[in-house]
Amino acid sequence: MNCGDHETDCSEVLAEVWLYLDQECDKTRRELLHRHLNECNPCLESYGIEEHIKALLARKCGGEHAPDTLKDRLRACIREQADVIVQHGAEGTTVEIRHKKVEKATEEQ
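From a predicted model like this one, the values you see are computed outputs, not experimental measurements.

## A short note on the overall build of the protein
Here comes step 1: From N to C terminus, the protein includes five helices and two strands.
Here comes step 2: In the protein, the succession of helices and strands from N to C terminus is α-α-α-α-α-β-β.
Here comes step 3: Residues counted as buried form 20% of the 109 residues belonging to the protein.
Here comes step 4: Pairs at least 24 apart in sequence give 41% of the contacts found in the protein among residues at least 6 apart.
Here comes step 5: Accessible surface, the protein as shown: approximately 8,800 Å² in total, 51% of it carbon and sulfur.

Structure, rendered in structure tokens:
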């Protein structure tokens with residue numbers, strides 16, 4: 001998805017919005033995402049919704065942490081449905097997630 005002439009595709013930005021919210025991307029990627037969000041109203045609107053969800057979760061969960069077993073199951077599920085690339089560098093850890101194309105089988109009539 002791309003709703004305009006941007007350096008970064010909208011679908012990439014929306015896939016990484018939680019990394020941006022949690023400040024878990026490196027400085028260069030963060031600046032690129034920030035610039036895109038400032039230029040693209042649909043992505044900014046989606047980012048705003050995600051930001052509200054994150055704040056709501058923080059309020060309702062009271063700082064509790066998910067069990068490691070749940071985190072492991074979620075990571076496994078994400079890896080099954082997407083290509084996940086984790087890179088550790090001097091500026092921090094970056095995670096790139098690319099959705100795998102899933103072909104839907106059609107029934108023969």
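Picking up where we left off.
## With respect to the nonpolar core
Across soluble globular proteins, you tend to see nonpolar side chains buried next to one another.
Here comes step 1: Within the largest apolar cluster, eleven residues are counted, these being C10, V13, V17, Y20, L21, C25, L33, L37, C40, C43 and Y47.
Here comes step 2: When contributions to this core are tallied by element, the ones reaching two or more residues are α1 (10–15), α2 (17–21), α3 (27–39) and α4 (41–61).
Here comes step 3: The element best represented in this core is α2, accounting for three residues.
Here comes step 4: Dropping the residues within four chain positions of it, V13 is found in contact with T8, L33, H36 and L37.

## A look at a nonpolar patch on the surface
Here comes step 1: On the surface, a nonpolar cluster with roughly 350 Å² of combined accessible area is contributed by W18, I49, I53 and L57.
Here comes step 2: Sorting elements by how many residues they give to the nonpolar patch places α4 first, with three residues.
Here comes step 3: Note that W18 resides in helix α2.
Here comes step 4: Exposure remark for W18: the relative accessible area of 31% places this residue in the partly exposed category.

## Regarding the UniProt feature "domain: Putative zinc-finger" (unreviewed entry) in the protein
Here comes step 1: According to UniProt, the "domain: Putative zinc-finger" (unreviewed entry) feature falls on residues 10–43.
Here comes step 2: When the span residues 10–43 is considered, its composition is 79% helix and 0% strand, and the gap between its end C-alpha atoms is 7 Å.

## Thoughts on unusual backbone geometry
Here comes step 1: Of note in this structure, Q23 is not a glycine but carries a positive phi near 55 degrees.
Here comes step 2: Looking at the element boundaries, Q23 is found in the loop between α2 and α3.

## Description of α4
Here comes step 1: Helix length check: α4 (21 residues) gives 30 Å between terminal C-alpha atoms against 30 Å at 1.5 Å per residue, within 8%.
Here comes step 2: Among the residues making up α4, those that are buried are C43, Y47, G48 and E50.
Here comes step 3: Against the buried residues of α4 lie α1, α2 and α3.
Here comes step 4: Of the residues trailing α4, G62 is marked for its positive phi of about 60 degrees.

Rules behind the numbers
Residues numbered from 1 in each chain as written. Predicted model: local features only at pLDDT ≥ 70, side-chain atom pairs only at ≥ 80, totals over all residues. Heavy atoms only, no water. Helix = DSSP H or I, 4+ residues; strand = E, 2+ residues; numbered from the N terminus. Buried < 20%, exposed > 50% of the residue type's maximum accessible area, 1.4 Å probe, protein only. Contact = heavy atoms within 4.5 Å. Areas by Shrake-Rupley, 256 points an atom, 1.4 Å probe, with all protein chains shown as cover. Core = buried A, V, L, I, M, F, W, Y, C linked by side-chain atoms within 4.5 Å. Patch = residues over 30% accessible without salt bridge, like charges linked within 9 Å, V, L, I, M, F, W, Y side chains within 5 Å. Salt bridge = Lys/Arg side-chain N within 4 Å of Asp/Glu carboxyl O. UniProt positions renumbered as here; feature names shortened; annotations may be inferred. Expected span 1.5 Å × (residues − 1).

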